[in-house]
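The residues making up each chain are set out below.
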Amino acid sequence: MLTLGIETSCDETGVALYHATDGLLADVLFSQVDIHAKYGGVVPELASRDHIRKLVPLCRDVLTQAGKSLADLDGVAYTAGPGLLGALLVGASFARSLAWGLDIPAVGVHHMEAHLLAPLMEKDSGTVGPPLPFIALLVSGGHTQLVEVNGIGDYRLLGESLDDAAGEAFDKAAKMLDLGYPGGPLLARCAENGDPTRFRFPRPMTDRPGLDFSFSGLKTFTLNTVRDLSPLTDKDRADIARAFEDAVIDTLAIKCLRAVKETGVPHLVLAGGVSANRRLRERLSAELPGTTYYAKPELCTDNGAMIAYAGCLRLQAGHREPLAIVVRARWPITELSPP
Ligand code: KG4
Ligand code: ZN
């Protein structure tokens, strides 16, 4: 089963080819960072237009890299949500039409399910993956969720952010520190030189029971610290970045540990863009009683490979999309069902 995967939910055009037995054959990504950087965030209309420009050349690239042709494809997977509606529609229309033209099945993939399954992709290429059930911490630009995973499409939501997502908080804090866009990786780099003892930022909602998160108070605390110290020196920036990163990582780790204790499920899969954060990975690996699994950094942030992989699993299980092209800006992961 050779699956073409297409990701266009936000500001990366990702296209990949995944083969059910041979694994990932090709994976290309075009990041629109330079297009959106001057606006300090993603401009949805510009994102849609650029996905249109890039899809055909990127599809040609993956086929060439893998030495395959369109006739070799057995299915096409595309991100059907959640994400920016216009951007999703570009990928979905292209993918659904291509599948129709080739007379092969199509499957609309849930973006967060694809993130969640990405760390399992490497299991298929030799390393041992997480046994079911496992707990997943999904941390991206739009989501912060703890989910109990009992199988593909069998998800129980344990907790989620009541306001900002962890990645969004990273991006906003980076903006306050004038570190640039997208902020998460830049803030993490800046924090490397920070003094962890200078400031102590709050760990929101860790002093009460439950598995929900809140990051907007931490954002306000960061803003107030920046205002008190302005104009900032490079040292101030690094120390604030370190205090911020420590607070987010601590908060996530406390909730993960609590989820593992409450469910009795020891293993954790860490997924989504923020799971590329080195100190978060190290902290969870050191602290949790079971094994912590995560994908390699380029498969943590948005990419076509995770869509091709999740789509391939669903196609193999018999999932087929009707001809109608349906995308969803909002789509709770708990609404999914096993294929
Ligand atoms: O999964 P993703 O690529 O896109 C969404 O589905 O949202 O996640 C992007 C988020 C951004 O907020 C970005 O700042 C954050 O992941 N991110 C990081 C790191 N790398 C990416 N946050 C903290 N540390 C990182 N190293
Ligand atoms: Zn994502």
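Quantities reported herein were computed from a predicted structural model and do not represent experimental measurements.

## As for the overall build of the chain
Link 1 in the chain: Across its full length, the chain holds 11 helices and 10 strands.
Link 2 in the chain: Over its C-alpha trace the chain gives a radius of gyration of 20 Å, about what one expects of a compact globule, namely 20 Å for 339 residues.
Link 3 in the chain: In terms of principal-axis extent, the alpha carbons of the chain reach across some 60 × 45 × 30 Å.
Link 4 in the chain: Classification of the 339 residues of the chain by burial places 55% in the buried group.
Link 5 in the chain: Within the chain, residue pairs in contact and separated by at least 24 positions form 73% of the contacts whose partners lie at least 6 positions apart.
Link 6 in the chain: Within the structure as shown, the chain displays about 14100 Å² of accessible surface, and the carbon and sulfur contribution to it stands at 54%.
Link 7 in the chain: Charge centroids of the chain, computed over 33 positive and 41 negative side chains, lie 3 Å from each other.

## A word on the site of ligand 1
Link 1 in the chain: With respect to spatial proximity, 17 residues lie near ligand 1, and among them His-115, Gly-141, Asp-171, Gly-184 and Gly-273 are the closest.
Link 2 in the chain: For ligand 1, an oxygen atom lies 3.0 Å from a polar atom in the backbone of Gly-184.
Link 3 in the chain: Interatomic distance of 3.0 Å between a side-chain N/O atom of Asn-277 and a nitrogen atom of ligand 1.
Link 4 in the chain: Out of a free accessible area of 560 Å², ligand 1 has 86% covered by protein chains.
Link 5 in the chain: Of the residues forming the shell around ligand 1, the biggest block, 3 residues, is contributed by helix 5 (residues 166-176).
Link 6 in the chain: Residue composition of the shell around ligand 1, by class: 4 nonpolar, 11 polar and 2 charged.

## Thoughts on unusual backbone geometry
Link 1 in the chain: Following Gly-81, the chain continues to Pro-82 via a peptide bond in cis, the omega torsion being -15°.
Link 2 in the chain: Within the secondary structure layout, Pro-82 lies in the loop between strand 4 (75-81) and helix 3 (85-102).
Link 3 in the chain: A cis amide bond, omega -5°, links Tyr-181 with the succeeding residue Pro-182.
Link 4 in the chain: Residue placement: Pro-182 occurs in the loop between helix 5 and helix 6 (183-191).
Link 5 in the chain: Despite not being glycine, Asp-103 has its phi angle at roughly 60°, a positive value.
Link 6 in the chain: Among the secondary structure elements, Asp-103 is positioned in the loop between helix 3 and strand 5 (106-110).
Link 7 in the chain: Even without being a glycine, Asp-178 presents a positive backbone phi close to 55°.
Link 8 in the chain: Here Asp-178 shows up in the loop between helix 5 and helix 6.

Conventions we followed
- Residues numbered from 1 in each chain as written.
- Chains lettered and ligands numbered in written order.
- Predicted model: local features only at pLDDT ≥ 70, side-chain atom pairs only at ≥ 80, totals over all residues.
- Heavy atoms only, no water.
- Helix = DSSP H or I, 4+ residues; strand = E, 2+ residues; numbered from the N terminus.
- Rg over C-alpha atoms; globule rule 2.2 N^0.38 Å.
- Buried < 20%, exposed > 50% of the residue type's maximum accessible area, 1.4 Å probe, protein only.
- Contact = heavy atoms within 4.5 Å.
- Areas by Shrake-Rupley, 256 points an atom, 1.4 Å probe, with all protein chains shown as cover.
- Lys, Arg positive; Asp, Glu negative; His and termini not counted.
- Charge placed at Lys NZ, Arg CZ, Asp CG, Glu CD.
- Near = heavy atom within 4 Å.
- Polar contact = N/O pair within 3.5 Å; in protein donor to acceptor, adjacent residues only side chain to side chain.
- Nonpolar A, V, L, I, M, F, W, Y, C, P; charged D, E, K, R; others polar.

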